[in-house]
Amino acid sequence: MTTATWNGTVVAESDDIVTVEGNAYFPRESVREDVLRPSSTHTTCPWKGEASYYTLEVDGQTNPDAAWYYPQPKNAAKEITGRVAFWRGVEVR
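Conventions used here
Residues numbered from 1 in each chain as written. Predicted model: local features only at pLDDT ≥ 70, side-chain atom pairs only at ≥ 80, totals over all residues. Heavy atoms only, no water. Helix = DSSP H or I, 4+ residues; strand = E, 2+ residues; numbered from the N terminus. Buried < 20%, exposed > 50% of the residue type's maximum accessible area, 1.4 Å probe, protein only. Core = buried A, V, L, I, M, F, W, Y, C linked by side-chain atoms within 4.5 Å. Contact = heavy atoms within 4.5 Å. Pairing = 2+ DSSP bridges. Axes fitted to C-alpha atoms, helices over the stretch in contact; angles between N-to-C directions.

1. Regarding unusual backbone geometry
Okay, step 1: Positive phi outside glycine occurs at Asp59, with the angle close to 50°.
Okay, step 2: Structurally, the position occupied by Asp59 is in the loop between strand 6 (49-58) and strand 7 (61-69).
Okay, step 3: Of the residues examined, Asp59 reaches a relative accessible area of 69% and is grouped as exposed.

Set out below in structure tokens:
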């Protein structure tokens, strides 16, 4: 089982992980809804498409843009459709 932990709290957990460029993408349904806050941040990857972000909130502390996903990934990255990845201090094991 792969877990994503931040601030001592498991925020995602799944056996169904897709790894792209060293990042573990969790199925969206395996990520705790109660810790996600929408973000207005967007970035663009030339081969994956436009990424959207979530801020994590755990025990009153926030980690801005610590999770990202591709709402409509390009064909080259279709395997990450409906998946979320983490960074900025989120430990994935």
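Read on for the rest.
2. Here we look at the nonpolar core
Okay, step 1: Grouped together as the largest cluster of nonpolar side chains are 17 residues, with contacts concentrated most on Ala4, Val11, Phe26, Val31, Leu56, Phe86 and Val90.
Okay, step 2: Counting only elements with at least two residues in this core, the list comes to strand 1 (2-6), strand 2 (9-14), strand 4 (23-27), strand 6, strand 7 and strand 8 (83-86).
Okay, step 3: It is strand 6 that contributes the most residues to this core, 3 residues altogether.
Okay, step 4: Setting aside chain neighbours within four positions, we find Phe86 in contact with Ala4, Val11, Ala12, Ala24, Phe26, Val31, Leu56, Ala66, Ala67 and Trp68.

3. Quick notes on the sheet that holds strand 5 (residues 36-45)
Okay, step 1: Spatially, 6 strands are ordered 3-4-8-7-6-5 in an open sheet, and the strand pairing comes out antiparallel. With partners counted over all chains shown, the strands left at the sheet margins are strand 3 (18-20) and strand 5, one partner each. Strand-to-strand, the axes of this sheet are offset by a mean angle of 35°, without reference to chain direction.
Okay, step 2: Note: strand 3 against strand 4, 3 bridges, orientation antiparallel. Bridging from a neighbouring strand, Val20 pairs with Asn23 of strand 4.

4. Comments concerning the pairing of strand 5
Okay, step 1: As defined by bridge partners, strand 5 adjoins strand 6 across 7 bridges and the pair is classed as antiparallel. Across the sheet, the residue bridging to Leu36 is Leu56, located in strand 6.
Okay, step 2: Linking strand 5 to strand 6, which pair antiparallel, is a turn of 3 residues.

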